Amino acid sequence: MHSFRYVRGKLHCEGVSIESLVEQHGTPLYVYSQETFAGHYRKLDEALKPLDHLICFAVKANSNLAVLRTLANEGSGFDTVSEGELRRVAAAGGDLKRCVFAGVGKTEDEIAFALKRGIYAFNVESEPELLRINRVAAKLKRIAPVAMRVNPNIDAHTHAKITTGTYENKFGVAFEEIEGIYGRASRLKNLHLRGLQMHIGSQLTEVKPFEAAVRKVAPLVDLLSKRHGFEFFSIGGGLGIVYDPALASGTAEWWNSPAARKLLTPEKYARTLIPLLQPLGLKILIEPGRFIAGNSGILATRVEYVKQTGRKNFVIVDAAMNDLIRPAMYDSYHEVVPLRKRTGKRIASDVVGPICESGDSFCKNRPLPKVAEGDYLALLSAGAYGSVMGSTYNSRPLAAEVLVNGSQSQLVRQRQPIQKVWDGEKIPSWL
Ligand code: LLP
């Protein structure tokens, strides 16, 4: 599901033409569809209905307050990895009692903050962290709800930089060590052993690795649950989305194609996993980020120059790797479409940003319609790990963000004023 489509030749987000938004707010501009965020959440919620479950949206995928509010209104919990993310959830009106707190490097201050605010559980990544949480909780005279993160050593068959569930990764505790740790943890006075968690990787487009991980870990959960009185089992996030239309129909409306629908759907995910999870009799948590946010946003950009060299057609746009780093960092595919539908001949083009690095490129030799200075393009599927991974590299201000709801739209993050890029910097007194 997806709410970006051409209406009378102009790319729309729900009922709003994106061209009208770029004219009003400038570019680069992230445009989000509220209906898509909520729709994806509901789809997953519906598929998991046979289970007592809690969806904890992975805030790292898109932490804009308006996005968090949209999901909080749907009843979502949140998967967080820092005090900053917990504070964002609170600022957006989310319920911290429905938050889990993951990450390998939680500081004492962050642990204390989360304890005082009463989160649902810490997803604990090591035994030293467990001891630290117990110590901080004792100091605050509280009981900390915890779940160890088990590393099931299952290859998720995804990009090396986003796979997390093998022993090559820094995450979680080896499957073989979990039972012993819970035994020792049960003797620590300020812990409540509330459950167990895992997460094997991101952008998984097949159900098999999820199935293998659940099959491997469920018996352990069952054993420990009976021993320690668990309340939940979190199976993490990782549901992949369609980025590449070559996987689907090859048209600009690929997301509606039968091939796109054949990919890992919430129904298939649920159909495979529910029979394995239901017998545990526990609350099942999932932590989707990309599935909810990925196709809920696009990045709109303006063509500044078209530069033809002997060999290449470079389309130089005003968005860059500082706005959307995924292609530079993971060689990720993002579909590029013009805001005004074009027919006619396609030209092999490199869409590149203005940053002084060869890696500042969104695609290479991609057959694209002919465009000219002043035209606008959209980089699709940019709602997850887009704006949140933005930086001010090359002293470029952070992009603006707009949320669309039907025929309404509002700026949900203003473009960073240029002076703010060096705000907080100081020239020392000796200079
Ligand atoms: N839970 C945990 C513990 C995670 O580490 C992650 C993502 C998620 C849930 C959410 O995963 P998702 O459902 O979104 O796949 N920047 C990369 C992705 C990094 C993912 C990090 N962890 C990208 O742009 O592809």
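Residues numbered from 1 in each chain as written. Predicted model: local features only at pLDDT ≥ 70, side-chain atom pairs only at ≥ 80, totals over all residues. Heavy atoms only, no water.

S.K.: What's the story with the site of the ligand in this structure? I'm lost.
M.R.: By nearness alone, 19 residues border the ligand, and Ser202, Glu287, Arg326, Tyr330 and Tyr385 come closest of all. For the ligand, an oxygen atom lies 2.8 Å from a polar atom in the backbone of Gly238. In this structure, Tyr385 approaches the ligand through a side-chain N or O atom, which is 2.6 Å from an oxygen atom. Relative to its unbound accessible area of 590 Å², the ligand is 91% covered by the protein chains. Taken together, the residues of the shell around the ligand sort by class into six nonpolar, seven polar and six charged. (Near = heavy atom within 4 Å. Polar contact = N/O pair within 3.5 Å; in protein donor to acceptor, adjacent residues only side chain to side chain. Areas by Shrake-Rupley, 256 points an atom, 1.4 Å probe, with all protein chains shown as cover. Nonpolar A, V, L, I, M, F, W, Y, C, P; charged D, E, K, R; others polar.)

S.K.: Before we go on, may I ask you to explain the environment of Glu168 in this structure?
M.R.: Positionally, Glu168 belongs in the loop between β9 (144-151) and β10 (173-174). When its relative accessible area of 76% is taken as the criterion, Glu168 is described as exposed. Taking C-alpha positions, Glu168 is 8.7 Å from Asn153, a pair spaced 15 residues apart along the chain. (Helix = DSSP H or I, 4+ residues; strand = E, 2+ residues; numbered from the N terminus. Buried < 20%, exposed > 50% of the residue type's maximum accessible area, 1.4 Å probe, protein only.)

S.K.: Help me out: how do you make sense of the sheet that holds strand β2 (residues 10-13) in this one?
M.R.: By definition, the strands of a sheet pair up through backbone hydrogen bonds, in either a parallel or an antiparallel sense. Taken in spatial order, the three strands line up as β1-β2-β3 in an open sheet, and their pairing is antiparallel. The strands lining the two open edges of the sheet, one partner per strand, are β1 (4-7) and β3 (16-17). In the sheet, β1 pairs with β2 via four bridges, with the strands oriented antiparallel. Within β2, the residue paired with Arg5 across the bridge is His12. (Pairing = 2+ DSSP bridges.)

S.K.: Whenever I open this one, the environment of Ala174 confuses me. Can you help?
M.R.: Locating Ala174 in the fold gives a position in strand β10. Looking at Ala174, the relative accessible area reads 17%, which means it is buried. Separated by 23 residues in the primary sequence, Ala174 and Asn151 place their C-alpha atoms 5.0 Å from one another. Those residues in contact with Ala174, other than ones at most four positions away along the chain, are Asn151 and Tyr167. (Contact = heavy atoms within 4.5 Å.)

S.K.: When you look at the packing of aromatic side chains in this model, what are you seeing that I'm missing?
M.R.: Two aromatic rings, taken as a pair, are described by how far apart their centres are and by the angle between their planes. In total, this model carries six aromatic pairs according to the counting rule given. Judged by centre distance (5.1 Å) and plane angle (85°), the rings of Phe210 and Tyr269 are edge-to-face. Of the two residues, Phe210 is situated in helix α8 (residues 208-228) and Tyr269 in helix α10 (residues 266-277); the sequence distance between them amounts to 59 residues. Both residues of the pair, Phe210 and Tyr269, count as buried. Three or more aromatic residues joined by ring pairs make a cluster, and in this case those are Tyr30, Tyr32 and Phe37. Over the ring of Phe101 we find Lys106; its NZ or CZ atom is 5.6 Å from the centre of that ring. (Phe/Tyr/Trp six-rings, centres within 6.5 Å; stacked < 30°, edge-to-face > 60°. Lys NZ or Arg CZ within 6 Å of the ring centre and 35° of its normal.)

S.K.: Before we go on, may I ask you to explain the pairing of strand β19 (residues 376-379) in this structure?
M.R.: Regular strands show a simple pattern: their side chains alternate between the two faces of the sheet. Residues Tyr376 and Ala378 of β19 are buried on one face, and the alternating residues Leu377 and Leu379, pointing to the opposite face, are buried as well. The pairing of strand β14 (residues 297-308) with β19 spans four bridges and is classified as antiparallel. Its bridge partner being in β19, Arg302 is matched across the sheet by Tyr376. The pairing of strand β16 (residues 336-338) with β19 spans three bridges and is classified as antiparallel.

S.K.: Can you walk me through the nonpolar core in this structure?
M.R.: Note on soluble globular proteins: their nonpolar side chains tend to be buried together. Phe122, Leu196, Phe233 and Ile235 are the most contacted members of the largest nonpolar core, which has 101 residues in total. The leading source of residues in this core is α8, at eight residues. Of the residues that make up this core, three or more belong to each of domain 1 (103-286) and domain 2 (295-422). The residues contacting Leu196, other than those within four sequence positions of it, are Ala147, Met148, Val150, Ile178, Tyr182, Val217, Val221, Phe230, Phe232, Phe233 and Ser234. Of all hydrophobic cores here, the second largest spans 20 residues; its members include Leu11, Val31, Leu380 and Val402. (Core = buried A, V, L, I, M, F, W, Y, C linked by side-chain atoms within 4.5 Å. Domains from an automatic or database assignment.)

S.K.: Is there a simple way to explain the environment of Gly240 in this structure?
M.R.: As for its position among the elements, Gly240 is in the loop between β12 (232-234) and α9 (258-262). Judged by its relative accessible area of 6%, Gly240 is buried. In this structure, the C-alpha to C-alpha distance between Gly240 and Leu204, residues 36 residues apart in sequence, is 4.6 Å. If we ignore the near neighbours within four places in the chain, the residues touching Gly240 are Gln203, Leu204, Leu264 and Phe291.

S.K.: Can you help me understand the packing of helix α2 (residues 34-47) against helix α3 (residues 65-74) in this one?
M.R.: Packed helix pairs are specified by the crossing angle of their axes together with the interaxial distance, meaning the distance between the axes. At a minimum axis distance of 10 Å, the contact between α2 and α3 shows a crossing angle of 40°. With respect to α3, the axis of α2 lies oblique. Here α2 and α3 pass one another in a crossing that is right-handed. Of α3, the residues touching α2 (which contributes Gln34, Phe37, Ala38, Tyr41 and Arg42) are Val67, Thr70, Leu71 and Glu74. Classifying every residue of the contact of α2 with α3 by side-chain character gives five nonpolar, two polar and two charged. (Axes fitted to C-alpha atoms, helices over the stretch in contact; angles between N-to-C directions. Parallel < 35°, antiparallel > 145°, perpendicular 65-115°, else oblique. Left-handed = near helix turned anticlockwise from the far one by under 90°.)

S.K.: So what exactly am I meant to see when it comes to the pattern of salt bridges here?
M.R.: Opposite charge on two side chains makes pairing possible when the charged atoms of those side chains draw close. With the rule as written, the count across this model stands at 23 salt bridges. Residues Lys10 and Glu19 are paired through a salt bridge, measuring 3.5 Å at the closest nitrogen-oxygen approach. We classify Glu19 as buried; its relative accessible area is 10%. One salt bridge connects Arg149 with Glu125, and the closest N-O pair in it is separated by 3.1 Å. Within this pair, whereas Arg149 is found in strand β9, its partner Glu125 is found in the loop between β8 (121-124) and α6 (127-139), the two being separated by 24 residues in sequence. Residue classification places Glu125 among the buried positions, given a relative accessible area of 4%. One continuous salt-bridge network, built from bridges that share partners, spans Lys10, Glu19 and Arg340. (Salt bridge = Lys/Arg side-chain N within 4 Å of Asp/Glu carboxyl O.)

S.K.: How do you make sense of α8 when you look at a structure like this?
M.R.: Two residues of an α-helix separated by three or four positions point the same way, owing to the 3.6 residues in each turn. In this model α8 runs 29 Å from its N-terminal to its C-terminal C-alpha over 21 residues, within 8% of the 30 Å that 1.5 Å per residue would give. The largest bend in α8 amounts to roughly 35° and is located at Val217, with the proline Pro219 lying one to four residues further along. In the core, the buried residues of α8 are packed alongside β9, α7 (178-185), β11 (191-197), β12 and α10. Looking at the residues trailing α8, positive phi occurs at Gly229, about 70°. (Expected span 1.5 Å × (residues − 1). Bend = angle between axes of the 7 residues up to and from the residue.)

Purely spatial values, then, with no claim about function.
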